[in-house]
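Fold and contact review
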Amino acid sequence: EPEVTQTPSHQVTQMGQEVILRCVPISNHLYFYWYRQILGQKVEFLVSFYNNEISEKSEIFDDQFSVERPDGSNFTLKIRSTKLEDSAMYFCASRAGSDYQETQYFGPGTRLLVL
Amino acid sequence: AQTVTQSQPEMSVQEAETVTLSCTYDTSENNYYLFWYKQPPSRQMILVIRQEAYKQQNATENRFSVNFQKAAKSFSLKISDSQLGDTAMYFCAFMKHGPQKLVFGQGTRLTINP
């Protein structure tokens, strides 16, 4: 069964460093999402991406964040200058895009720790 | 803005029992989707079940079923014949029709005891 994959599974970085989180969505999916979950809290929406542009972003997704689909398979989330509060689990999700395929399928997540 | 509320932070039942997790939501939309996701200790988000708001029939997936009350904006999850592998965090989520974001509740930590 097709699945969303994410790399790395864990990342430890120093405050102020740039990190890039990578995702490979399910191959025929058209809509891509990033969510994050701070430990012990609920999952929060960061950004959605369709047709090579951001379709919606949350207040969390400030100028330090960016997303890119550099080729036909990868979908990346970049944090330019990490802060301690960016420590969280980051989930990528993808959705097929037809009217009755509303389910978003999640990857296994990247656990980011900022020291 | 939509909100999702899960009023039970933690629940615990014995193996083979039936358990019901509660979820309420607030929206002015008429066309939307509701989901239950399971998050085991590995922290992966796994879809359990989905419900389309336009369908009156409650969704079922094997041991998992929902009680969808649209007027009351309630969407509870019933797990029958609970198993040890059902131990996880369970998140209720709302999504408007179309390529929209998921809005999650705070989660319910469910423990199945042997």
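Below, the structure is looked at part by part. Per chain, the residues get numbers from 1 upward, laid out in the order the sequence is written. Labels follow written order: the first chain is A, the first ligand is 1, and so on. Local features in this predicted model are restricted to residues of pLDDT 70 or higher, and side-chain atom pairs are both shown and tallied only at a pLDDT of 80 or more, whereas totals for entire chains, interfaces and linings draw on every residue. Where side-chain values are given, they derive from all heavy atoms of the structure, hydrogens and water being excluded.

On to the sheet that holds strand β8 (residues 75–79) of chain A. Residue and element names in this part refer to chain A. Reading across from one edge, β1-β3-β8-β7 is the order of the four strands in this open sheet, with antiparallel pairing throughout. Strand pairing shows two members of the sheet lacking a second neighbour, β1 (5–7) and β7 (65–68), which therefore form its edges. Ignoring which end each strand starts from, the neighbouring axes of this sheet average 20° apart. Whether two strands pair depends on DSSP finding at least two bridges between them. Comment: elements are numbered from the N terminus, with helices defined as DSSP H or I runs of at least four residues and strands as E runs of at least two. Only C-alpha atoms enter the line fits that serve as axes; for helices the fit covers just the stretch in contact. Angles between N-to-C directions range over 0 to 180 degrees.

Once that is clear, we can look at a nonpolar patch on the surface. Residue and element names in this part refer to chain A. Distance thresholds for patches are 9 Å for like charges and 5 Å for nonpolar side chains (Val, Leu, Ile, Met, Phe, Trp, Tyr), applied to residues having over 30% relative accessible area and no salt bridge. Using a 1.4 Å probe, accessible areas were evaluated by the Shrake-Rupley method; residue-level cover was limited to the displayed protein chains. A pair is scored as a salt bridge if a Lys or Arg side-chain nitrogen falls within 4 Å of a carboxyl oxygen belonging to Asp or Glu. Taken together, the side chains of V12, L113 and L115 present a nonpolar region at the surface, about 270 Å² in accessible area. Tracing the backbone shows L113 in strand β11 (residues 110–114). Think of it in three bands: residues with accessible area under 20% of the maximum for their type are buried, residues over 50% are exposed, and the middle band is partly exposed, with areas taken using a 1.4 Å probe on protein chains only. Owing to a relative accessible area of 40%, L113 belongs among the partly exposed residues under this scheme.

Once that is clear, we can look at the side chain of D86(A). Residue and element names in this part refer to chain A. By the element assignment, D86 lies in the loop between β8 and β9 (88–95). Despite its burial, D86 pairs with no opposite charge, the nearest such side chain being R36 at 4.2 Å. Here a polar contact is taken to be a pair of N or O atoms separated by no more than 3.5 Å, where protein atoms must pair a possible hydrogen donor with a possible acceptor and residues adjacent in sequence count only if both atoms sit in side chains. A polar contact of 2.8 Å, which involves the side chain of D86, links it to the backbone nitrogen of K83. With residues near it in sequence (within four places) discarded, D86 still touches R36, F65, I79, S81, L112 and V114. We treat Lys and Arg as the positive residues and Asp and Glu as the negative residues; His and chain ends play no part in the count. The contact criterion used is simple: two residues touch if any of their non-hydrogen atoms lie within 4.5 Å.

Core analysis: the biggest nonpolar cluster contains 26 residues, and Y25(B), W36(B), F75(B), L77(B) and Y90(B) have the highest contact counts within it. Of all the secondary-structure elements, those providing two or more residues to this core are β3 (19–21), β5 (32–39), β6 (46–52), β8 (64–69), β9 (74–79), β10 (88–96) and β12 (108–113) of chain B. For this core, the element with the highest residue contribution is β10(B), accounting for four residues. Only buried residues count toward a nonpolar core. Its members are Ala, Val, Leu, Ile, Met, Phe, Trp, Tyr and Cys residues joined through side-chain atoms within 4.5 Å. The next biggest cluster of nonpolar side chains, apart from the first, holds 21 residues, and it includes V4(A), W34(A), V67(A) and C92(A).

By themselves, these figures tell us nothing about what the structure is for.
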